[in-house]
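# Summary of structural features
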Amino acid sequence: MVGGTTPGATAEQGEAASEGGSGDGPAEPADAGGEGEAGDAPEPTDGPEPGDAPEPGDADLPSTAAGTTGETGAEPGNGPAGQVTSAQGGPAGVRPARAERPAAAPASAARAPLDAAAVDAARQVLAGGGAPGELAEPVVRALGEGAAALVREDPWGVLGLPGVRVGVEQVDAFARAVLGGAVGPGDERRVRALVGHVLDRAAEQGHTALDGDALRTALARYSVPDPDTAIAAAVEEGRVLVFRAEPEGAAGAPEDDEDAEPAPVPLLFGLDRYALAEESLADGCVRLLRSFEGAPGGAGAAAGAEGAEDGSGDAAGGSAGGSARSSAPDWEAAAAAAPSPSAAELIRAAAGSGLVLHTGGEAARAEPAALVAAARAAGLRAYAAAYTDSGRRRLAAVPGIGEDGALTVAGLLAGGRAADGSLPLDLLAVLDAPQLSVEEAATLVEAVPDGARLVLSGDPHALWSAGPGRAFADLLAAKACPRVTSRTPDPGPIGELTSCVAIGELTPVDAPDKEVVVVPVRAPGEAVHRAVQLVADSVPRAFGVPPEQTQVITLAHGGPVGTRALNAALKERLNPGPGRFGGFDPGDRVVHVPAPGRTHPATVVGAEPDGLRLAGEDGPVLVPRAEVAATVRHGWAVTGHQAAGIRWPAAVVVVPGDAGPLLTRGWVYTAFGRGERHLSVVQGADQALAAAVAGPVAKERTTRLAAVLRELAAE
């Protein structure tokens, strides 16, 4: 039965937790992958579960690896001396084509034919080192037809292969077998691979760079004899970039005495792909701000004028809608007609700037939607994009937007472009902006044409992106463009609860109709039992919400109260079956994750020779047979990262007693806000829940975006 009143731990709950213990050990951190036993050969794995961001606790990095993290990071360490180098349309009025879920690049590559001889040769080399033969195909896909020779020459090269998670000790054992044992920890090939490996693992945790101390400590942990020399070699080869980083508080500080000893220069080290993404994103933001300056009539008029002068309007698809953009919209009238004061403020801000940041909770999503509806009513090519199918569906239901004006971010970027590669639009509002990785944000901003308006909207208290970076948080920290903070509160007891969590408080809320309920538990088995009982019996009986509309959310995939354990129990109760189609049966709830961070809830319809047939929110989806194991998981229970950006009528949030560092304020805020009508909290964490809410929003990420943007904006 449903019981309890608030998610705060009561004395009774604390006593129950102390009697029942905390479970069988810490929850697995999102399948981050262990290092394995020493001497083991590399094993193929499916890597992290689809759709999740890496969680804290990776063995590669010291817990103090902070570096420059926007405005809140610790001062980075100094790098090796002497290594500092500087690295810094469519038819007018026509909606950009919304592509069906674009296939992830790895999935497309997986369908490409491979040379059988190359695969056989790679398999022989792998077998000679004690590695499984099934690694041969991913090795050839990553390294090409000469993979066998490359692996034989440099066995540590397998350490960075996409889709294959192996530990350093495993690769060391493999290298000794392939090379005959005449290798040591200082082997140049090993050291080179480890520098990239450490930075890759840091990116999996969200960092786009590492400070020198953190990088050296991680390399020393792998017995690299001279970390400074290893880093210097990687920088010299161009595989790693090094940057000067401002110490915390240095901006605006008074100049030191000319005779004073110069302060050590903090250094950050990063892989080029993330460094370029941050710089491209910063450059794109400044471009939008400056291209909008002085444009008569605003973005729409400027875009129309440019198209008329150089013919690009016709190249983008003709003159349809051109007259609508020939005069500036009446933004003040639109603001006066806005549904709320915050919506009016956002409309006025967007009228005067090419880039605006908007923050707020679930109720505040109506404000960028109102902006887009007003812009479309004025004849502009205006669109609203959400990160998830659920968010797109909610936007499409807004009067004035509809199906033609609502897209997913992935669909937007996969759709039609103008002749110059830009998106054919005058105004774009992107919701769920905190879920954008730095690479996704850079791609998005690059595609917005000069003179257009871009609004990035999101909840700063929610979980950050599954991919590297914290783009939205860094843009806010840079203070380089207008920001509108919504004053629209989330309604009801759930909204009151999440508002308290946002400011670090876990306080009782008045829930007369049991919109918020706490179910105290003592042990992991009881937590699983209670979660199943709530979904199958209590919530349907008390609130009329059927099991298929209730979502279970937990911290991680592994462990006694992870998604695997919960999904197994929920399937047994709600849709028992033998798993005829690769472990799935018709009627199973699943999540399809074609690319990291993109979670699509669906239901299994059946199978056919080409793959698994799903019914999703945006229609039927056929997942190719070769991709099912890597991209589809049971979905009665998901993690907080998988649930971000999606809402259900009811949510059952399971907080296990062994949560550890995975339990953060951002996770609690995100999970608690997923239920529209009802929230049940299966509370086994005792006072750890309140402590997590009082702590940081999330584990800090080392990034450069805020500093780069401030520097460019000041030029």
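Scope of this entry: the structure provided in the associated data block. (Residues numbered from 1 in each chain as written. Predicted model: local features only at pLDDT ≥ 70, side-chain atom pairs only at ≥ 80, totals over all residues. Heavy atoms only, no water.)

### Considering the overall build of the protein
A tally of regular secondary structure across the protein gives 28 helices and 19 strands. Residue burial in the protein is summarised as follows: out of 715 residues, 56% are buried. Roughly 27,800 Å² of accessible area belongs to the protein as shown, and the carbon and sulfur atoms make up 53% of that amount. (Helix = DSSP H or I, 4+ residues; strand = E, 2+ residues; numbered from the N terminus. Buried < 20%, exposed > 50% of the residue type's maximum accessible area, 1.4 Å probe, protein only. Areas by Shrake-Rupley, 256 points an atom, 1.4 Å probe, with all protein chains shown as cover.)

### Considerations on the packing of aromatic side chains
According to the stated counting rule, one finds zero aromatic pairs in the structure shown. Note that R704 overlies the ring of F243, its terminal NZ or CZ placed 3.5 Å from the centroid. (Phe/Tyr/Trp six-rings, centres within 6.5 Å; stacked < 30°, edge-to-face > 60°. Lys NZ or Arg CZ within 6 Å of the ring centre and 35° of its normal.)

### Notes on the pairing of strand β13 (residues 598–608)
Taken together, the five bridges between strand β12 (residues 589–595) and β13 define a ladder with antiparallel strand orientation. If you follow R589 over to β13, its bridge partner there is T603. The antiparallel pairing of β12 with β13 creates a hairpin that spans two residues between the two strands, and G597 there sits at a positive phi of about 85°. Taken together, β13 and the strand that follows it, strand β14 (residues 611–616), pair antiparallel across an intervening segment of two residues. (Pairing = 2+ DSSP bridges.)

### With respect to the sheet that holds strand β17 (residues 637–639)
Here we have five strands laid out as an open sheet, ordered β10-β19-β18-β11-β17, and parallel in their pairing. The open sheet terminates on both sides in strands that have one partner only, identified here as β10 (516–520) and β17. Between one strand axis and the next, the sheet turns through 25° on average, direction left out of account. The pairing of strand β18 (residues 648–655) with strand β19 (residues 675–683) spans seven bridges and is classified as parallel. The residue of β19 that forms the bridge with V653 is V681. Against the sheet, helix α21 (residues 492–502) touches β10 and β19, its axis set at about 60° to β19. Helix α26 (residues 665–672) contacts β11 (550–554), β18 and β19 of the sheet and is inclined by roughly 145° relative to β18. (Axes fitted to C-alpha atoms, helices over the stretch in contact; angles between N-to-C directions. Contact = heavy atoms within 4.5 Å.)

### Quick word on the pattern of salt bridges
Taken as a whole, this structure holds 31 salt bridges when the rule is applied. Residues E137 and R141 are paired through a salt bridge, measuring 3.8 Å at the closest nitrogen-oxygen approach. Residue E137 and its partner R141 are both found in helix α4 (residues 136–143); the two are separated by four residues, about one turn of the helix. As a salt-bridge pair, D432 and R365 come within 2.7 Å of each other at their nearest N and O atoms. (Salt bridge = Lys/Arg side-chain N within 4 Å of Asp/Glu carboxyl O.)

### Here's the deal with the packing of helix α6 (residues 168–179) against helix α7 (residues 188–204)
Following both chains from N to C, one finds α6 and α7 inclined at 155°, their axes separated by 12 Å at the closest point. Looking at the two axes, α6 sits roughly antiparallel to α7. In the packing of α6 onto α7, the handedness of the crossing is right-handed. In this structure, α6 contributes V168, D172 and L179 to the contact, and α7 contributes R189, R190, L194 and H197. (Parallel < 35°, antiparallel > 145°, perpendicular 65-115°, else oblique. Left-handed = near helix turned anticlockwise from the far one by under 90°.)

### Thoughts on the side chain of Q435
Following the sequence through the fold, Q435 ends up in the loop between β7 (427–430) and α19 (438–447). Under the relative-accessibility criterion, Q435 is labelled buried at 11%. If we ignore the near neighbours within four places in the chain, the residues touching Q435 are Y387, E440, S465, A644 and G645.

### Overview of the nonpolar core
One finds L215, L219 and F269 to be the most contacted residues of the largest nonpolar core, which totals 47 residues. Of all the elements, α7 adds the most residues to this core, at eight residues. Sequence-distant contacts of L215, that is, excluding residues within four places in its chain, are made with V198, L199, L210, I231 and F269. With 43 residues, the next largest nonpolar core counts L281, L407, F472 and C481 among its residues. (Core = buried A, V, L, I, M, F, W, Y, C linked by side-chain atoms within 4.5 Å.)

### Observations concerning the environment of S680
Among the structural elements, S680 can be located in strand β19. Along the sequence, S680 and A650 sit 30 residues apart, while their C-alpha atoms lie 8.0 Å from each other.

### Description of the sheet that holds strand β2 (residues 240–244)
Taking strand neighbours across the sheet as the criterion, the three strands line up as β1-β3-β2 in an open arrangement whose pairing is antiparallel. Pairing within the sheet leaves two strands with one partner each, and these edge strands are β1 (210–211) and β2. As judged from the two bridges shared by β1 and strand β3 (residues 267–271), these two strands associate in the antiparallel manner. Within the sheet, the bridge partner assigned to D211 lies in β3 and is L268.

### Here we look at the pairing of β11
In terms of burial, β11 is largely enclosed, as five of its five residues are buried. Burial of the side chains of β11 extends over both faces: T550, V552 and T554 are buried on one face and Q551 and I553 on the other. Bridge count for β11 against β18 is four bridges, and the pairing is parallel. Looking at β18, one finds that V552 is bridged to V652. Bridge analysis of β11 against β17 gives three bridges, and the strand direction is parallel. Bridge pairing links T554 to T639 in β17.

### Examining α19
Counting buried residues in α19 gives seven out of 10 residues, a clear majority hidden from the surface. By the burial criterion, the buried members of α19 are V438, E440, A441, A442, L444, V445 and A447.

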